[in-house]
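Each chain, letter by letter, is given below.
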Amino acid sequence: MTYKDLIPELCQIATDAGLAILDIYKNCEGIEIIKKADDSPLTAADQASNAVICAGLEQLPIQYPIISEENKAVPFEVRKNYDYYWLVDPLDGTKEFIKRNGEFTVNIALVHAGKVVLGVVYAPVLDELYWAADGDGAFLKTNGETKAIHAPKFTMKDKGINVVCSRSHLNEETKAFIEQLDAPNLVSKGSSLKFLQLATGQAHLYPRVAPTMEWDTAAAQIVLEEAGGKVLQYNTTDAVIYNKENMLNPYFVAYANLVE
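Throughout this document, residue positions are counted from 1 along each chain, in the order its sequence is written. For this predicted model, a pLDDT threshold of at least 70 governs which residues receive local features, and a threshold of 80 or more governs which side-chain atom pairs are given and counted, while totals over whole chains, interfaces and linings are taken from all residues. In computing side-chain properties, one takes all heavy atoms of the structure into account and sets aside hydrogens as well as water.

## Topic: the packing of aromatic side chains
Right, so step 1: Two aromatic rings, drawn from Phe, Tyr or Trp (for Trp, its six-membered ring), form a pair once their centres lie within 6.5 Å of each other, and the interplanar angle then sorts them: stacked below 30 degrees, edge-to-face above 60, tilted otherwise. Using the criterion set out here, one finds 12 aromatic pairs in the structure.
Right, so step 2: For the ring pair Tyr-206 and Phe-252, a centre distance of 5.6 Å and an interplane angle of 90° mean the geometry is edge-to-face. With Tyr-206 in strand S11 (residues 205-208) and Phe-252 in strand S13 (residues 252-255), this pair connects stretches of sequence that are 46 residues apart.
Right, so step 3: Taken together, the ring pairs in this structure connect Tyr-3, Tyr-64, Tyr-84 and Trp-86 into an aromatic cluster.
Right, so step 4: A positively charged side chain is recorded as over a ring if its NZ (Lys) or CZ (Arg) lies within 6 Å of the ring centre. The angle to the ring normal must also be within 35 degrees. The cationic tip of Arg-100 hangs over the ring face of Tyr-25; the distance from NZ or CZ to the ring centre is 4.2 Å.
Right, so step 5: When the ring centre of Tyr-255 is taken as reference, the NZ or CZ atom of Lys-230 above it lies at 5.8 Å. Note on conventions: DSSP H or I runs of at least 4 residues are helices, E runs of at least 2 residues are strands, and numbering of each starts at the N terminus.

## Considerations on the UniProt feature "binding site: substrate" (unreviewed entry) in the protein
Right, so step 1: UniProt positions are given in the numbering used here, feature names are shortened, and annotations may be inferred rather than shown by experiment. Here, the residues flagged by UniProt with the feature "binding site: substrate" (unreviewed entry) are Glu-69, Leu-91, Asp-92, Gly-93, Thr-94 and Asp-216. These annotated residues cover 148 residues of sequence, but their C-alpha atoms sit close together, with the largest distance between any two at 12.6 Å.
Right, so step 2: Throughout this description, buried means an accessible area under 20% of the type-specific maximum (1.4 Å probe, protein chains only), exposed means over 50%, and partly exposed covers the range between. Classification of Asp-92 as buried rests on a relative accessible area of 10%.
Right, so step 3: Throughout, a contact is declared for two residues whenever any of their heavy atoms are within 4.5 Å. Residues within four places of Asp-92 in sequence aside, it is in contact with Phe-104, Thr-105, Asn-107, Ser-191, Ser-192 and Asp-216.
Right, so step 4: Relative to the elements of secondary structure, Asp-216 occurs in helix H7 (residues 214-226).
Right, so step 5: Dropping the residues within four chain positions of it, Asp-216 is found in contact with Asp-89, Asp-92 and Ser-192.
Right, so step 6: Here the side chain of Asp-216 touches Met-213 through a polar contact of 2.7 Å, landing on its backbone nitrogen. Pairs of N or O atoms within 3.5 Å make up the polar contacts considered here, provided that, within protein, one atom can donate a hydrogen while the other can accept it, and that residues adjacent in sequence are counted only when both atoms are side-chain atoms.

## Points about the environment of Ala-123
Right, so step 1: Take Ala-123: it is sitting in strand S4 (residues 115-123).
Right, so step 2: On the basis of relative accessibility, which here comes to 0%, the residue Ala-123 falls in the buried class.
Right, so step 3: C-alpha of Ala-123 to C-alpha of Asp-92: the two residues are 31 residues apart in sequence and 9.6 Å apart in space.

## Here we look at the layout of surface pockets
Right, so step 1: If you add up the space inside the second largest pocket, you get close to 240 Å³.
Right, so step 2: Along the wall of the second largest pocket there are 15 residues; nearest its centre are Met-156, Phe-177, Gln-180, Asn-235 and Tyr-255.
Right, so step 3: When residues in the lining of the second largest pocket are grouped by element, the largest group, three residues, is from helix H5 (residues 172-179).
Right, so step 4: Under this grouping Gly is polar, as are all residues other than the nonpolar Ala, Val, Leu, Ile, Met, Phe, Trp, Tyr, Cys and Pro and the charged Asp, Glu, Lys and Arg. Here the residues of the lining of the second largest pocket are counted per class, giving nine nonpolar, four polar and two charged. The definitions used throughout rest on a 1 Å grid laid over the protein atoms alone, on which a cavity is an enclosed set of points accommodating a 1.4 Å probe that cannot get out and a pocket is an open set flanked by protein within 12 Å on both sides along at least five of seven lines; lining residues are those having an atom within 4 Å of a point. Grid points are joined across faces, edges and corners, and a volume is the space filled by probe spheres set on the points.

Shown next, in the form of structure tokens:
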């Protein structure tokens, strides 16, 4: 069985999880969600999505351990021995869920030897389904149509490149990074959709000089990489890797198709 063979079932699992989220999202309209707290609609949506994903993955013809934001943490002494494992964020985009702007996602990735080899991202409100497998390209299904996606070519000296970041919460390191660019345009997007802005040609750079966890980035990272982009640790040429002892990601910059 190849990675590509798993994609149809993974896409169905992600879609089903998204529908479980939507059921709660639509029925909590008008409810004030202050934070992710016990019994809140947001917590219920996380848990519902996670249950669908874990049940679906356990029905696949090949079985791997599951690491999810919503599951009990697996000690490093155990998971360091994992050859393959699923890495799941059942609902990425807490702020977007609360703001009700629809920019939240379901994320399922397969990790092998510290590298993401398969990923599916579904944005339920937008009904956008993205996927990629190592060596097989990246794809988007929306409005009933499936197409290959390609990150745009650019250089760091280009004028007017699009940079994905928060307009309202720019820290000093991010500002300094942006100030090196020639008249950049700032693009705002929530959740793992930031990576997918690069993969689909809507942006060129995503500097992340702020905390993220491994499950926040894995699935979208391989979609970007298979579209021709890359994700490197901040101020280095080192790749972002997975299954570290501390599952907090290093700061990083995601690039579309950078021409050196």
